[in-house]
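One letter stands for each residue in the lines below.
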Amino acid sequence: MSGRFSRRRLLAGAATAAGVAAVSSACGSGADSTTLTIMGNHPSEITDSDVAGFSKKYPNVKIKFVTNSVQLLTAMFAAGDPPDIIRDQGVQNTPYLVKRDLAEDLAPYFAKSTVLTDDKIAAVDDVWRYDGSVQGKGPRYGLAKDYSQDAMLWCNLRVFEKAKVEPPDPTTPMSYEEMLDVAKRITRRKGAQYSAYGLYPPFDVSLSAGVINMVTSAGGSVFNSDYTKVDFSAPEAKSALQWYLDYADAQVGPTVARPLAAGAAAAFFADQLGMVGYGYWFGGEVASNPQVQDHVRFVTAPQFGSTRTSPCFAAVGHWIPKTSKHKQEAWNFFEWYFGEQPAIDRAKSGWGLPGITAMNADLPETKPYQKQALDVQNAEFSHMSVLKYSPYVAFTALDASLSQAFVKGLESGLSAGKLADLVNDTLNPLLEQGKELVA
Amino acid sequence: MTTAEAPAAIRLPADVQTTAPRGWKRYRARTFYAFVSPWLAGFILLTLFPLGYALWLSFTNFDGMTGHYRYVGLQNYADIFRDPDALHSLGRTALYTVITVPAAIIIGTALAVLVNRPVRGRAAFRAIFYLPAVVPIVASALCFKMLFDSDFGLLNHIFNQLHLQTIQWLADPLVFWVMIAMTLWGVGGTMIISLAGLQGIPGELIEAAKVDGANAWRAFTRISLPLLSPIILFEVITGVIASIQAFIPALLLSIQSGTVAATSVPQSNYLFMIHAYAQYFDYGRFGYASALLWALFILILVLTAVIFKVSGRAVFYESGPDEAAQAAAGHATGGKAER
C-alpha cells in the first residue's frame, strides 16, 4: 500500500466525512425537531434545571441560548433571523418595541392558556401591555420573570453602628435630603480612599429610571404629553439633577464619573457601604452572603417630592418577536418558565417578587432578615407606581445621555440647568427622528 | 558548421520526456484560487461587504431596529462637524496617538537595542520584555485597575503607608495617563519588530564604522537607525492606525457596565471609537455612527498617504547590500569611507 497522500484520496475522504456528518446530523435532529433560540441569561436566570424540565415536557424542542446583547440582537434582526424569545426590561421597552412592530401580540395565546390566566398575573406585568398610546393597557407583549420596587434601600447596620448613627426606619420614607445627610454621617474616608461609603443611590438598575422616579414624585414629567419631547429644564427635573450634583459633591458614594470598581454588592457585603438602592431582589444576594444576614435591614423607598412613589425600574422578562419562526414553541416555553416549576423555584430563592401572585406565598421568610424584608415589602406594595417612557427613543439613549451629561457636569462643574440643556439637546433630535421612523 | 555536423537532437531520459505536470501542478491556476479563496471570501464578506453596508447606512437615518429608515444624503457627515462630542473625541484620539506612537517606538527600539547586546540572560530579558504583549488586554486592564483602584489599589495603599494624600487614579484627568501606561505596557510587540530589524543589520558595518572612529552612539545613529528606518516607518503607520482605532483600553478602564458603559467613560479617555460605539448601541444612531466610521476610514487613508509622502526622504530603502553598506558606512564616518 502506498503511503502517499493523494489528492484523490483526500477528496474521497472529505466527501465521505461530509456525508457521514450530514447523515448523522439528520438522524440526530429528528424530522419534527425544533430549535428554540433564546436570548437570555443562561444559566443564571434560565437555569439548567429549567431547561431540563422543559425538554422533558417537550422532547422535540431543543433550546439554544445566545448571548444577551443589543449588538447581537440588532445583527439578528438585520439578518431576518431574530431569537424566538428575548430578555428585556418591560418598564422601559414595551412601548418602544410595540411602536416598531417588533413584538408579537400575545393576547390570543393568553386567551387560550390555562397556566397564565389574568387572575394569576401580578399587576406589575401590566408594564408589558401597550395599546399604542398608554402603557398598562391593551394586549400583553411579554411577562416579567420577577420584579422589585427598585428605589428601596438595603442598609448595612454595622456601618451605622460604627458611625454611631441610627439607621432609617423601615417603613417611614426618608426624603432624599435626609438620605444624603445620613450618608454624610456614616461615610468614612481619607483622601480618595474610602473605608465606608455612605450611599449607593437607586440609579444602578437604570439611571433614567432613578431620575424619572424623582421627577414623578415631585409632580413633574420629563416628557411632554405625547412623549415626543423631553424637558429636563422643568423645575422638577432640574431639582432631580441638582440632587445628583449635590450627592456627587458630598463625596459620600460612587457616581457615574467615579464608580465603584468592585460594584455595590461587594462593598456592601464587606461592611464598606451603608445604604444601597436596590429592591427586594437583593435579598437573593444576601442569601449567598451569610456573614451579613444578621446586620442588614430592608427599608422603604426614599421620597423626593410630595408624592410617595415606589416604582419598579425594570420588570425584566421576555418577549416573542413578531418574526419568530417558532411562536408556539416559544409560548410553550413562556408557560413553563413563567407559570410552572421554574417560577416557583425563582420565588423560593428570593431573587425578586414573582410575576404570578399566588407564588408570593413561596417567598422565603425562614430567616429573620428574610422575614423583615418580606414584611417591609408587603407594606411597600401599596406605594407601587409606574414610570412612563417614550416609545420614540430607546431607554438606553436616556441612560446614556444622562450619564454622559453627568460625567461632563461633574468633571467641569456644570450647573443643573446646563446639564438639562445637554440632555435636552441630545434627546430631542432622537425623539423627533424616532417619531418619524415609527410613523 | 554543416548540417551533417549538427548534433543529433537532444534525447531526454524517458522519465523527463513525459513531464506533463502531475497532481496539484496540473491545475496551477485552479489550485491558486482554491488556496486563496478562503481569504478572498473572508475579505469580501467580512471587509468589503461591511464597508459597503456601513457606507449605505451612513446615508440613512437607520436606528438599528426599524425597517422604515430613509435616505438622508450627506446629513450625517455634516452633523459630525456640529457634534461637539465627536470633535472632542477626535482631539483626545489625536493626543493619544501623538503620545503613544512615538513613545512605543522609542521605548521599543531602546529595549530592542538593549536585548540585542551580548549580555548574560539575554533570552530571558527578551521573554520578560515581550511577555506583557502576549497577555490578553482584559487581564492587563484588570491588573491596572487593581493597581490604580482608589480604595483597594496597591498604589494608594503605598501612599497611605507613606502618609501621602490618596488619589483617584481612575477618574479624570489621571485616568488618561493610566490608559497611556497600559498601552505602553504592551511595547514588547514593537521591541520584537525592531529587534528583527536590528538583527538584519550586518555586523561588519558596525565594526567598519568603529574602525573608522565612530563611537557606539554615532554607529547607532548613522548606521543602525538609517537601516532600521523602513521598520520604523512600518511601526509608525501600523501604530497610528491602531491608536486612531483604539477602543478597548478606554472601555476596559471605565468601571461602569451595561447601558452606560461607553458614555460614562471619563472625558479624557473619550476616544473617537468610544463615541462611535455609543452612537451605535446606546443612542441607536446607526446611520450617524456609520458616517463617523467612514470619516475615520478616510482620515486614516489620508494620514497614511501623508506619512508615506513626508517619510520619503527620511526612510533609507536598501536597494542592494553593497549600496546600503557603502551609504551607511559613509554616513557613519562622516563620509570618510567615500573619500
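Residues numbered from 1 in each chain as written. Chains lettered and ligands numbered in written order. Predicted model: local features only at pLDDT ≥ 70, side-chain atom pairs only at ≥ 80, totals over all residues.

### Quick notes on the overall build of chain B
In step 1: Within chain B, the secondary structure is distributed over 15 helices and 0 strands.
In step 2: Counting the 339 residues in chain B, one finds 34% classified as buried.
In step 3: Contacts spanning at least 24 positions in sequence make up 69% of the contacts within chain B whose residues lie at least 6 apart. (Helix = DSSP H or I, 4+ residues; strand = E, 2+ residues; numbered from the N terminus. Buried ≥ 20, exposed ≤ 12 C-beta atoms within 10 Å, placed from the backbone. Contact = placed C-beta atoms within 7 Å.)

### What to know about the interface of chain A and chain B
In step 1: The partner chain B presents 34 residues to the 33 residues of chain A that form the contact.
In step 2: A per-element tally of the side of chain A that touches chain B places helix α15 (residues 395–412) of chain A first, with 9 residues.
In step 3: Among the residues forming the side of chain A that touches chain B, the class breakdown is 17 nonpolar, 9 polar and 7 charged. (Nonpolar A, V, L, I, M, F, W, Y, C, P; charged D, E, K, R; others polar.)

### Concerning the nonpolar core
In step 1: The biggest cluster of nonpolar side chains holds 172 residues, and the ones touching the most others in it are V91, W154, V276, A315 and V423 of chain A together with V178 and I274 of chain B.
In step 2: Looking at this core element by element, the count peaks at 9 residues for α15 of chain A.
In step 3: If near-sequence neighbours (up to four positions away) are discounted, V276 of chain A is found in contact with L153, W154, Y200, A264 and F268 of chain A. (Core = buried A, V, L, I, M, F, W, Y, C linked by C-beta atoms within 7 Å.)

### Section: the environment of T304 of chain B
Residue and element names in this part refer to chain B.
In step 1: As for its position among the elements, T304 is in helix α14 (residues 286–311).
In step 2: Given 15 C-beta atoms within 10 Å, T304 falls into the partly exposed group.
In step 3: Put simply, T304 and V236 are 68 residues apart on the chain and 9.4 Å apart in space, counted from C-alpha to C-alpha.

### A look at the sheet that holds strand β1 (residues 34–39) of chain A
Residue and element names in this part refer to chain A.
In step 1: Spatially, 5 strands are ordered β2-β1-β3-β14-β6 in an open sheet, and the strand pairing comes out mixed. Both outer strands of the open sheet, β2 (61–66) and β6 (142–144), are each paired with one neighbouring strand and no more. Between one strand axis and the next, the sheet turns by 25° as a mean value, whatever way the strands run.
In step 2: The sheet contact formed by strand β3 (residues 85–89) and strand β14 (residues 316–319) spans 4 bridges and is antiparallel. Each bridged residue has a counterpart across the sheet, and for Q89 the counterpart in β14 is V316. (Pairing = 2+ DSSP bridges. Axes fitted to C-alpha atoms, helices over the stretch in contact; angles between N-to-C directions.)

### With respect to the packing of helix α9 (residues 235–250) of chain A against helix α16 (residues 416–438) of chain A
All names here are of chain A.
In step 1: At their nearest, the axes of α9 and α16 sit 9 Å apart, and the two run at 115° to each other. On the basis of the axis angle, α9 is roughly perpendicular to α16. Pair α9 / α16 crosses with right-handed handedness. Residues A237, K238, L241, Q242 and L245 of α9 form the contact with α16, whose own contacting residues are A416, G417, L419 and A420.
In step 2: Grouping the amino acids of the contact of α9 with α16 by side-chain chemistry returns 6 nonpolar, 2 polar and 1 charged. (Parallel < 35°, antiparallel > 145°, perpendicular 65-115°, else oblique. Left-handed = near helix turned anticlockwise from the far one by under 90°.)

### Examining the sheet that holds strand β8 (residues 153–156) of chain A
All names here are of chain A.
In step 1: Read from one edge of the open sheet, 5 strands run β9-β10-β11-β8-β12, paired in mixed fashion. Strands at the two margins of the open sheet, each flanked by one partner only, are β9 (188–190) and β12 (296–299). Recorded for the sheet is a direction-independent mean angle of 25° between the axes of neighbouring strands.
In step 2: As paired strands, β8 and β12 are joined by 4 bridges and run antiparallel to one another. By the bridge assignment for β12, L153 is matched with V299.
In step 3: Relative to the sheet, helix α7 (residues 176–186) contacts β10 (193–200) and β11 (273–276), its axis offset from that of β10 by approximately 165°.

### Description of the confidence of the model for chain B
Residues and elements named next belong to chain B.
In step 1: Looking at chain B, the pLDDT average stands at 87 and 85% of residues meet or exceed 70.
In step 2: With pLDDT under 50 throughout, residues 1–6 is counted as low confidence; its partners more than four residues away or in other chains account for 1 contact.
In step 3: Here residues 332–339 is modelled with pLDDT under 50, and outside its nearest four sequence neighbours on either side it reaches 17 contacts, counting other chains as well.
In step 4: Model confidence for the complex is summarised by a pTM of 0.86, with the ipTM given as 0.86. (pLDDT = per-residue confidence, 0-100.)

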